[in-house]
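What follows is the residue order along each chain.
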Amino acid sequence: MRKLKIYIPGVKFSPISVTGSACALNCAHCGRHYLEGMGKPERGELLNHCLDLSRKGYLGCLLSGGMDGRLKVPLDFYADEIREIKRRTSLKLNAHVGFIEEADLEWLRWVDVVSLDFVGDSEVIKRVYKIGKTVEDYLKILDLLTANGIRVAPHITIGLDFGRIHWEYGAIDMLANYPIDVLVLNVLIPTKGTEMESVPKPSVEESLKVVKYARERFEGEISIGCMRPIGKWRLDFDRGAVIAGIDRLTNPPGKIIEWAKTVREVELIYECCVI
């Protein structure tokens, strides 16, 4: 079995929201909750913020934020600063982008990787995100990025449909047809203050079935991302995912790290799991 790469991004990889906690959407699973706690540089200060991070020894940044009325994270307004960050530092940049267009390719060439939340069911998109987009719109983004040589790491959130698991298998089949070197699997966390706060967590067993299916279908690396329930759920899931042959694991409990060293060769990496 291949080496297990364990990612611990919080130490040297800074999350940044260019919109603060603002988002034009109010998604059923997020409710803007996950934008809170990110760094929020003032407009025109992204470059200085990143220069400061570089001086402090950080390895990279997640450039993120809420969606605007165009259904984009408005990183295109920071194109000049993003270019200067890459020219003046060695920081690696992971960008959440939303529904990009061909005009965005000019600045996207400066980032190291694009993280794309991928949903493979148009009805789930409507129920969760409440937008008039379809699976075809997501596939257009993948086509645009991969055709232009921009590295993209799709993210699938297991249980995104109010805790139900069904569409994830078809999404994996779609993504298996693309030149993608890492697929990120998250798991729904029913989060207080959102529409999904009372839905049951996806079971460990059903979630691991998706992980195993992805391992069978996908030739690239499989990463377990930051978002998944904590406590005993995470202990049991992470152990099962390691046994299933995942390549990357983000923020596992210390017990899992020590156990993993007894069954796999392990490397600790203090960056985002798609880097």
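Residues numbered from 1 in each chain as written. Predicted model: local features only at pLDDT ≥ 70, side-chain atom pairs only at ≥ 80, totals over all residues. Heavy atoms only, no water.

**Student:** I keep staring at the overall build of the protein chain and nothing clicks. Help me out?
**Tutor:** Helix and strand counts for the protein chain stand at 9 helices and 10 strands. The globule rule puts the C-alpha radius of gyration for 275 residues at 19 Å, and the 18 Å found for the protein chain is close to it. Dimensions along the principal axes, computed over C-alpha positions, put the protein chain at roughly 45 × 40 × 40 Å. Burial statistics for the protein chain: of 275 residues in total, 56% are counted as buried. Look at the contacts in the protein chain between residues 6 or more apart in sequence, and 73% of them connect residues 24 or more apart. Summing over all exposed atoms, the protein chain offers an accessible surface of approximately 12,000 Å²; the carbon and sulfur share of this is 50%. (Helix = DSSP H or I, 4+ residues; strand = E, 2+ residues; numbered from the N terminus. Rg over C-alpha atoms; globule rule 2.2 N^0.38 Å. Buried < 20%, exposed > 50% of the residue type's maximum accessible area, 1.4 Å probe, protein only. Contact = heavy atoms within 4.5 Å. Areas by Shrake-Rupley, 256 points an atom, 1.4 Å probe, with all protein chains shown as cover.)

**Student:** Would you mind going over the environment of L62 with me for this structure?
**Tutor:** If you trace the backbone, L62 turns up in strand β3 (residues 60–64). The spatial distance from the C-alpha of L62 to the C-alpha of H49 is 13 Å, given a sequence separation of 13 residues. Apart from the residues lying within four places of it in its own chain, the contact partners of L62 are F13, S14, P15, I16, M38, N94 and H96.

**Student:** Where do I start with unusual backbone geometry in this structure?
**Tutor:** The residue K130 is not glycine, and still its phi comes out positive at about 60 degrees. Mapped onto the elements, K130 comes out in the loop between α4 (122–129) and α5 (135–147).

**Student:** Even after reading the chapter, I still don't get the pattern of salt bridges, so can you show me in this structure?
**Tutor:** Proximity of charged atoms lets side chains of opposite charge pair with each other. All chains considered together, the criterion is met by 27 salt bridges. Between K3 and E267 there is a salt bridge, and its shortest N-O distance comes to 3.0 Å. One end of the pair, K3, is in the segment before β1 (4–7); the other, E267, is in strand β10 (residues 266–269), and 264 residues separate them in sequence. A salt bridge links K126 to E123, with the shortest nitrogen-to-oxygen separation between them at 3.7 Å. Taken together, the residues span about one helical turn, with K126 and E123 both in helix α4 at a distance of 3 residues. A single salt-bridge network, built from bridges that share partners, covers D80, R83, E84 and R87. (Salt bridge = Lys/Arg side-chain N within 4 Å of Asp/Glu carboxyl O.)

**Student:** Help me understand the side chain of S207 in this model?
**Tutor:** Checked against the element boundaries, S207 lands in helix α7 (residues 204–217). By relative accessible area, which is 0% here, S207 ends up buried. Once residues lying within four places of it in the same chain are set aside, the contact partners of S207 are I158, I165, V187, P202, W233 and F237.

**Student:** What is the right way to read the sheet that holds strand β9 (residues 248–250) from this model?
**Tutor:** Strand pairing within a sheet occurs via backbone hydrogen bonds; the two strands may be parallel or antiparallel. Strand order in the open sheet formed by 10 strands is β2-β3-β4-β5-β6-β7-β8-β9-β1-β10, with parallel pairing between adjacent strands. Whereas interior strands pair on both sides, the edge strands pair on one side only; in this sheet they are β2 (13–17) and β10. Shown here is a sheet whose adjacent strand axes are inclined to one another by a mean of 20 degrees, direction ignored. Each of β5 (113–117) and β6 (152–158) touches α5; the most contacted strand, β5, lies at about 170 degrees to it. (Pairing = 2+ DSSP bridges. Axes fitted to C-alpha atoms, helices over the stretch in contact; angles between N-to-C directions.)

**Student:** Just checking my understanding: could you explain the environment of G60 for this structure?
**Tutor:** Within the secondary structure layout, G60 lies in strand β3. Measuring from C-alpha to C-alpha, the distance between G60 and L105 comes to 21 Å, with 45 residues separating the pair along the chain. Residues within four places of G60 in sequence aside, it is in contact with K12, F13, S14, L91 and K92.

**Student:** Whenever I open this one, the packing of aromatic side chains confuses me. Can you help?
**Tutor:** Both the distance between ring centres and the angle between the ring planes are used here to describe each pair of aromatic rings. This model, assessed by the stated rule, comprises 4 aromatic pairs. When the centroid spacing of 5.1 Å and the interplanar angle of 75 degrees are considered together, the rings of Y169 and Y213 count as edge-to-face. Of this pair, Y169 sits in helix α6 (residues 168–175) while Y213 sits in helix α7, placing them 44 residues apart in sequence. Classification of Y169 as partly exposed rests on a relative accessible area of 25%. A centroid spacing of 4.8 Å and a plane angle of 25 degrees characterise the contact between W233 and F237, whose relative ring orientation is stacked. Taken together, the residues W233 and F237, both in helix α8 (residues 232–244) and 4 residues apart, mark about one turn of the helix. Here F237 falls in the buried class, since its relative accessible area comes to 0%. (Phe/Tyr/Trp six-rings, centres within 6.5 Å; stacked < 30°, edge-to-face > 60°.)

**Student:** What am I meant to see in helix α9 (residues 254–263) here?
**Tutor:** Every α-helix winds through 3.6 residues per turn, so residues three or four apart in the chain are directed the same way. Buried within α9 we find I256, I257 and A260. One side of α9 carries all its buried residues, which in axial view fall inside an arc of 100 degrees. What points out from α9, more than 90 degrees from its buried face, is the exposed set K255 and T262. Tucked into the core, α9 has its buried residues touching β1, α8, β9 and β10. (Arc of directions from axis to C-beta.)

**Student:** How do you make sense of the packing of α4 against α5 when you look at a structure like this?
**Tutor:** Running from N to C, α4 and α5 cross one another at 95 degrees; their axes reach a closest spacing of 8 Å. With respect to α5, the element α4 is oriented roughly perpendicular. Where α4 approaches α5, its residues S122, I125 and Y129 are matched on the opposing element by V135, E136 and Y138. Counted by class, the contact of α4 with α5 contains 4 nonpolar, 1 polar and 1 charged residues. (Parallel < 35°, antiparallel > 145°, perpendicular 65-115°, else oblique. Nonpolar A, V, L, I, M, F, W, Y, C, P; charged D, E, K, R; others polar.)

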